[in-house]
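Below, each chain spelled out in residue letters.
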Amino acid sequence: MCYTIVINDIFCIKDKVGIFKEALIIKRKRSAEVIHVAKVQLFEVIGISGQSECHHLKLSKQNDYVSPRNIIRLEQVFHNCKDAHCRVKKNSGNLSFIKHENINNYLLNVYKL
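Residues numbered from 1 in each chain as written. Predicted model: local features only at pLDDT ≥ 70, side-chain atom pairs only at ≥ 80, totals over all residues. Heavy atoms only, no water.

## What about the overall build of the chain?
Here is step 1 of the chain: Within the chain one finds one helix and eight strands.
Here is step 2 of the chain: If you list the helices and strands of the chain from N to C, you get β-β-β-β-β-α-β-β-β.
Here is step 3 of the chain: Burial status across the chain gives 30% buried among its 113 residues.
Here is step 4 of the chain: Nonlocal contacts in the chain, meaning residues at least 24 apart in sequence, comprise 50% of its contacts between residues at least 6 apart. (Helix = DSSP H or I, 4+ residues; strand = E, 2+ residues; numbered from the N terminus. Buried < 20%, exposed > 50% of the residue type's maximum accessible area, 1.4 Å probe, protein only. Contact = heavy atoms within 4.5 Å.)

In structure tokens form, the structure reads like this:
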């Protein structure tokens, strides 16, 4: 599971969902102005699951730079192990873990509490 953020973009009717990459504080030379910015890698919606009604997402190569005040909430995004055929493996200590296949397909959890 990775936590993502939802960005309220005044130029876009729908909210954007992306993974927080880094925070930047920019100060202009010879100026008192300081700009706070978050770099976010955006997801794009590629469909909706018929069974769970969760959105299928794909991580895009597009980054967006947004003001922290436009980040409106955290969302939960999970790797789509069902479609990717990820497998449960055991290590030498007999602990189980999931071996994720390298498929760019995620599910947006719409049923969180």
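## Observations concerning the side chain of Asn-80
Here is step 1 of the chain: Summarising the element assignment, Asn-80 is placed in the loop between strand E5 (71–79) and helix H1 (81–84).
Here is step 2 of the chain: By relative accessible area, which is 3% here, Asn-80 ends up buried.
Here is step 3 of the chain: Setting aside chain neighbours within four positions, we find Asn-80 in contact with His-56, Asn-105, Tyr-106 and Leu-107.

## Observations concerning the packing of aromatic side chains
Here is step 1 of the chain: Taken as a whole, this structure holds one aromatic pair when the rule is applied.
Here is step 2 of the chain: Between Phe-43 and Tyr-106 the ring centres are 5.5 Å apart and the planes differ by 70°, which places this aromatic pair in the edge-to-face class. Taken as a pair, Phe-43 in strand E3 (residues 34–48) and Tyr-106 in strand E8 (residues 106–108) lie far apart in primary sequence, 63 residues in all. (Phe/Tyr/Trp six-rings, centres within 6.5 Å; stacked < 30°, edge-to-face > 60°.)

## A short note on the confidence of the model for the chain
Here is step 1 of the chain: Taken residue by residue, the chain gives an average pLDDT of 78. The fraction at 70 or more is 86%.
Here is step 2 of the chain: The element-level mean pLDDT for the chain is lowest in strand E1 (residues 2–7), coming to 50, with strand E4 (residues 55–66) highest at 88.
Here is step 3 of the chain: Scored below 50 in pLDDT, residues 9–13 shows two contacts in the model against residues more than four places distant or in partner chains. (pLDDT = per-residue confidence, 0-100.)

## Re the environment of Ala-23
Here is step 1 of the chain: With respect to the helices and strands, Ala-23 occurs in strand E2 (residues 16–27).
Here is step 2 of the chain: Sequence separation between Ala-23 and Ser-67 is 44 residues, and the spatial gap between their C-alpha atoms is 9.8 Å.

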